[in-house]
Amino acid sequence: MTLKSKLKIESPAVFVFSIFYVVVGVAELFVLVTSNFTVFYIGVLGLLNLFTAYGLFRKKRWSVPLVIALFFLGITFGATTLYYSILAQTFEGDLLFHVALIAYLFMTLVASIYVVAKREKLQGAKAN
């Protein structure tokens, strides 16, 4: 029995985007913990990303509006962080950080476009 059949993965793209949201959520919660809980909004984004990952993986109806909301929140957060980081240039490893933020912005855009394009398939899967 393969891992794909054990996890009941119907769409590899949705699985990849679920993994993306899990990684982003865990990273944002890590930032929250390492900042001594001073940037609470990053923790909220982290929890929303984890809920979204679960909703996409389980094909819940509420995952599509959550992906749309996270698109706007993620693009705003990522773009402003990138902008001010480029202006400040305050720490070593700026290039790696900037590339990671650009990859985050790109993946957020791609995941949102895919989920919105396939929303009928995701929302019609189960009546929740």
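Reading guide: rules and limits
Residues numbered from 1 in each chain as written. Predicted model: local features only at pLDDT ≥ 70, side-chain atom pairs only at ≥ 80, totals over all residues. Heavy atoms only, no water. Helix = DSSP H or I, 4+ residues; strand = E, 2+ residues; numbered from the N terminus. Buried < 20%, exposed > 50% of the residue type's maximum accessible area, 1.4 Å probe, protein only. Contact = heavy atoms within 4.5 Å. Areas by Shrake-Rupley, 256 points an atom, 1.4 Å probe, with all protein chains shown as cover. pLDDT = per-residue confidence, 0-100. Expected span 1.5 Å × (residues − 1). Axes fitted to C-alpha atoms, helices over the stretch in contact; angles between N-to-C directions. Parallel < 35°, antiparallel > 145°, perpendicular 65-115°, else oblique. Left-handed = near helix turned anticlockwise from the far one by under 90°. Nonpolar A, V, L, I, M, F, W, Y, C, P; charged D, E, K, R; others polar. Phe/Tyr/Trp six-rings, centres within 6.5 Å; stacked < 30°, edge-to-face > 60°. Polar contact = N/O pair within 3.5 Å; in protein donor to acceptor, adjacent residues only side chain to side chain. Core = buried A, V, L, I, M, F, W, Y, C linked by side-chain atoms within 4.5 Å.

### Description of the overall build of the protein
Check the secondary structure of the protein and you find six helices and zero strands. Put simply, the protein runs from its N terminus to its C terminus through helices and strands in the order α-α-α-α-α-α. Burial status across the protein gives 34% buried among its 128 residues. Within the protein, contacts between residues separated by at least 24 positions form 63% of all contacts whose residues are at least 6 apart in sequence. Here the protein has roughly 8100 Å² of accessible surface; of this, 74% comes from carbon and sulfur atoms.

### So, the confidence of the model for the protein
Averaged over the protein, the pLDDT score is 86; the fraction of residues at 70 or greater is 85%. Confidence scores differ between elements of the protein, with helix H1 (residues 3-7) showing the lowest mean pLDDT of 54 and helix H3 (residues 40-57) the highest of 94.

### A word on the environment of Tyr83
Position of Tyr83 relative to the elements: it lies in helix H4 (residues 63-88). The exposure class assigned to Tyr83 is partly exposed, which follows from its relative accessible area of 49%. Separated by 15 residues in sequence, Tyr83 and His98 place their C-alpha atoms 9.4 Å apart.

### Some thoughts on helix H5 (residues 94-117)
Between its terminal C-alpha atoms H5 stretches 34 Å, which fits the 34 Å expected from 24 residues at 1.5 Å a residue. Among all positions of H5, only Asp94, His98, Leu101, Tyr104, Leu105, Thr108, Ala111, Ser112 and Val115 are buried.

### A few points about the packing of helix H2 (residues 12-34) against H3
Running from N to C, H2 and H3 point in directions that differ by 160°, and their axes come no closer than 7 Å. For the element pair H2 / H3, the angle class is roughly antiparallel. The two elements H2 and H3 cross, and the hand of that crossing is left-handed. Class assignment of the residues belonging to the contact of H2 with H3 gives a composition of 18 nonpolar, six polar and one charged.

### Overview of unusual backbone geometry
With a phi angle near 60°, Asn36 is a residue other than glycine that sits in the positive phi range. Assignment of secondary structure puts Asn36 in the loop between H2 and H3. Given a relative accessible area of 62%, Asn36 falls into the exposed group.

### Thoughts on the packing of aromatic side chains
For the structure shown, the criterion picks out eight aromatic pairs. For the ring pair Phe71 and Phe72, a centre distance of 5.1 Å and an interplane angle of 70° mean the geometry is edge-to-face. Phe71 sits in the partly exposed class, given a relative accessible area of 21%. Of the aromatic side chains, those joined through ring pairs into one cluster are Phe20, Tyr21 and Tyr104.

### Quick word on the environment of Thr80
Examined against the element boundaries, Thr80 turns out to sit in helix H4. Polar side-chain contacts of Thr80 include one of 2.8 Å to the backbone oxygen of Thr76.

### Here's the deal with the nonpolar core
Formed by 21 residues in total, the largest nonpolar core has its most connected members in Tyr21, Leu56, Tyr104, Val115 and Leu122. Those elements giving two or more residues to this core turn out to be H2, H3, H4 and H5. Those residues within four positions of Val115 in sequence are excluded, and the remaining contacts are Leu56, Val64, Val67 and Leu122.

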